[in-house]
Amino acid sequence: MPKQFIDFGAVKAAVSFQQVLDHYGFTAQMRSTRNGDGLEGPCPIHEGTSQDTFKVTLSKNCWFCHNSSCKCGGNHLDFVAKMENCNAHEAALKIDEWFNLGLAGKADSSPQRRDGAPKSSAPSAQQQPMPRQGFNGTSSPAAESKVVEEPQEEPGENVPLSFKLENLKTDHTYFTERGLTPETVAEFGLGFCAKGTMSGRIVIPIHNKGGELVGYGGRWPGQPPEERPKYKLPMGFKKSAEVFNLDRAQMEEKGLPLIVVEGFFDVMKLWQQGFHRVVSIMGSSLSPKQEELLLEASAERSGILLMFDEDEAGRIGREKALVRLARRIFVRVVPLPQEGAQPDHLTENELHALLD
Ligand SMILES: [Zn+2]
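Here the residue index of a chain counts from 1 through its sequence in written order. Residues qualify for local features only when their pLDDT is at least 70, as the model is predicted, and side-chain atom pairs are given and counted only at 80 or more; totals for whole chains, interfaces and linings, by contrast, use all residues. Excluding hydrogens and water, the side-chain values take into account all heavy atoms of the structure.

Draft legend 1. The coordination of the zinc ion, seen in detail. At 1.9 to 2.3 Å from the zinc ion lie its protein donor atoms, namely C43 (SG), H46 (ND1), C65 (SG) and C70 (SG). Distances up to 2.8 Å from the metal define which N, O and S atoms are donors, and 3.2 Å serves for Na, K and Ca; water is absent from the atom set, so sites may look incomplete. The geometry test gives tetrahedral to four donors whose angles all lie between 85 and 135 degrees, gives square planar to four donors and octahedral to six donors whose opposite members are over 155 degrees apart with all other angles between 65 and 115, and gives irregular to the rest. Here the zinc ion is ringed by 4 donor atoms whose angles at the metal span 98 to 115°, and the overall shape comes out tetrahedral. One chain supplies every donor for the zinc ion, spaced along it as C-x2-H-x18-C-x4-C.

Set out below in structure tokens:
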């Protein structure tokens, strides 16, 4: 059967999550949450019995399941895809059929259906596709307290650097200790810096999504002396405005999920193992600006994969990121095999087992 075009946005706008749940007959087994906008109940995807693992936000048409057998969430299209064990395209066609929407094959570019029988009524105002919410100006959890001079006219933007650190030592033993090959060191432009504010540190160039150099992360090679932090960022650098490696990752095949990790080394190690669609939010809390950047670089059908450190901060961070991202795209959490694990310490086999 030739692949029939269907507009995901139109399908999502025409049918609410509530209607999808009703279609499956699940509404009865779920209970409303306090604010009236949520439903929770046993998860129909992994068929669990626990009464509160599966949560739905009706106004946002989104869901997620906390249980370790799912650990994922998304919109109602993603839900049908999970339930029917099919891709988002097939899920959209199923919804179209179930609700008699008549959207299949309808598009400006493919005007096959000219039978003059529009079955779908115009979506009501409240069911319009959700506009991408812009940066709403609320302070992010990752707000930089050390910023002294905030340029008023460009809040949240990092200005591209007018210089580049030179004479970096690229054969430092720390690279071997972290398991990075000379090719990876060269690809990411790493080096040991002997002079200036980053002196004594391994510097990691940070580019904005357009590929412009906007700062350097400085990692102390090994355990730093007590008074020094492990990582140093330039004065005034807004970490929450950038996603590390986004410039490279977005050039990769969009059919693969965008893997989001916490640290620079996680990115570099995964990249070295062949996972090139990988980015870091430079910490465990996702800022609103980073959320936008991740969505821009993601493809709806392949979604986002969160692979944070398996520790308290990582678990809290990924849970929050999951809840926020799941309103807008398919997102999956990949918990790591043991407490304290972080992606850059996983072997190639372990990574493939988790990500393939
Ligand atoms: Zn589940």
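Draft legend 2. How the structure looks around the pairing of strand β3 (residues 54-57). For every residue, the accessible area (1.4 Å probe, protein chains only) is compared with the maximum for its type, and the residue is labelled buried under 20%, exposed over 50%, or partly exposed between those bounds. Going along the chain from the N terminus, every DSSP run of H or I of four or more residues is numbered as a helix, and every run of E of two or more is numbered as a strand. Only one face of β3 is covered, namely the one carrying F54 and V56; the face carrying K55 and T57 has none of its residues buried. Strand pairing is assigned whenever DSSP identifies at least 2 bridges connecting the two strands. Where strand β2 (residues 38-41) and β3 come together, 4 bridges link them in antiparallel fashion. Bridging from a neighbouring strand, G38 pairs with T57 of β3. Hairpin connection between β3 and strand β4 (residues 62-65): a loop of 4 residues separates the two successive antiparallel strands, and N61 in this loop has a positive phi of roughly 55°.

Draft legend 3. Representation of the sheet that holds strand β8 (residues 213-219) within the structure. Here we have 4 strands laid out as an open sheet, ordered β6-β7-β8-β9, and antiparallel in their pairing. Bordering the open sheet on either side are β6 (191-193) and β9 (231-232), each of which pairs with just one other strand.

Draft legend 4. Expanded view of the state of the cysteines. To count as a disulfide, a pair of cysteine sulfur atoms needs to be within 2.5 Å. Scanning the model with the defined rule gives 0 disulfides in all. With no disulfide of its own, C72 has C70 as its nearest cysteine by sulfur position, at a separation of 4.7 Å.

Draft legend 5. Highlighting the packing of aromatic side chains. Any two of the Phe, Tyr and Trp rings considered here, Trp counted by its six-membered ring, make a pair once their centres fall within 6.5 Å; the pair's planes then place it as stacked at under 30 degrees, edge-to-face at over 60, or tilted in between. On inspection of all chains with the given rule, the structure shows 13 aromatic pairs. With a centroid separation of 5.3 Å and 10° between ring planes, the pair formed by Y24 and F26 is classed as stacked. Taking the relative accessible area as the measure of exposure, F26 reaches 13% and is therefore buried. With a centroid separation of 6.0 Å and 35° between ring planes, the pair formed by F54 and W63 is classed as tilted.

Draft legend 6. How the structure looks around the packing of helix α2 (residues 17-24) against helix α3 (residues 76-84). Think of each axis as a best-fit line through the C-alpha atoms, taken over the contacting stretch in the case of a helix, with angles from 0 to 180 degrees between the N-to-C directions. Direction vectors running N to C along α2 and α3 enclose 20°, while the axes themselves pass 9 Å from each other. Classed by the angle they form, the pair α2 and α3 counts as roughly parallel. The chirality of how α2 crosses α3 is right-handed. Side by side, α2 and α3 meet where F17, V20, L21 and Y24 of the first sit next to H76, F79, V80, M83 and E84 of the second. Three categories are distinguished: nonpolar for Ala, Val, Leu, Ile, Met, Phe, Trp, Tyr, Cys and Pro, charged for Asp, Glu, Lys and Arg, and polar for the others, with Gly belonging to the last. Classifying every residue of the contact of α2 with α3 gives 7 nonpolar, 1 polar and 1 charged. Orientation is classified from the angle alone, with under 35 degrees giving roughly parallel, over 145 giving roughly antiparallel, 65 to 115 giving roughly perpendicular, and any other angle giving oblique. By definition, turning the near helix anticlockwise from the far helix through less than a right angle yields a left-handed crossing, and turning it clockwise yields a right-handed one. By definition in these notes, contact holds between two residues if any of their heavy atoms fall within 4.5 Å.

Draft legend 7. Expanded view of the packing of α3 against helix α4 (residues 88-98). At a closest axis distance of 8 Å, the pairing of α3 and α4 adopts a crossing angle of 100°. Between α3 and α4, the crossing angle belongs to the class labelled roughly perpendicular. Of the residues in α4, those in contact with H76, L77, V80, A81 and E84 of α3 are A88, A91, A92, K94, I95 and W98.

Draft legend 8. Representation of the sheet that holds strand β10 (residues 258-261) within the structure. In space, the 9 strands of this open sheet follow the order β1-β2-β3-β4-β5-β13-β12-β10-β11, with mixed pairing throughout. Because the sheet does not close on itself, it has two edges, and the strands there are β1 (31-32) and β11 (278-280). Bridge analysis of β3 against β4 gives 4 bridges, and the strand direction is antiparallel. Paired with V56 across the strands is W63, a residue of β4. Across the sheet, helix α8 (residues 264-272) is in contact with β10 and β11; its angle to β11 comes to roughly 170°.

Draft legend 9. Main features of the pattern of salt bridges. Think of a salt bridge as a Lys or Arg side-chain nitrogen and an Asp or Glu carboxyl oxygen that are within 4 Å of each other. Counted according to the given criterion, the structure contains 14 salt bridges. Between K209 and E296 there is a salt bridge; the shortest N-O distance is 2.6 Å. Placement of the pair is K209 in the loop between β7 (201-207) and β8 and E296 in helix α9 (residues 288-296), with a sequence separation of 87 residues. Given a relative accessible area of 43%, E296 falls into the partly exposed group.

Draft legend 10. Molecular detail of the pairing of strand β5 (residues 72-75). Taken together, the 4 bridges between β4 and β5 define a ladder with antiparallel strand orientation. Among the inter-strand pairings, F64 is bridged to a residue of β5, identified as G73. The loop that links β4 with its antiparallel partner β5 comprises 6 residues; one of these, K71, has a positive phi angle of about 50°. Note that β5 and strand β13 (residues 331-333) share 2 bridges and pair antiparallel.

Draft legend 11. Summary view of the side chain of E319. With respect to the element layout, E319 can be found in helix α10 (residues 312-325). As used in this structure description, the phrase polar contact means that two N or O atoms lie within 3.5 Å; if the pair is within protein, one of them must be able to donate a hydrogen and the other to accept it, and residues adjacent in sequence are counted only when both atoms belong to side chains. Side-chain polar atoms of E319 contact the side chain of H66, separated by 2.3 Å. Apart from the residues lying within four places of it in its own chain, the contact partners of E319 are H66 and K71.

Draft legend 12. Representation of α9 in the model. Burial runs high along α9: 7 of the 9 residues are buried. The complete set of buried residues in α9 reads P288, Q290, E291, E292, L293, L294 and L295. In the core, the buried residues of α9 are packed alongside α7 (246-249), β10, β11, β12 (304-306) and α10.

Draft legend 13. Seen up close, α4. Taken residue by residue, α4 has A88, H89, A91, A92, L93, I95 and D96 as its buried positions. If you follow the buried residues of α4, they end up packed against α1 (8-14) and α3. One side-chain oxygen of the residue at the start of α4 lies 3.1 Å from the amide nitrogen of H89, identifying that residue as N87. N100 sits one or two residues past α4 and shows a positive phi near 55°.

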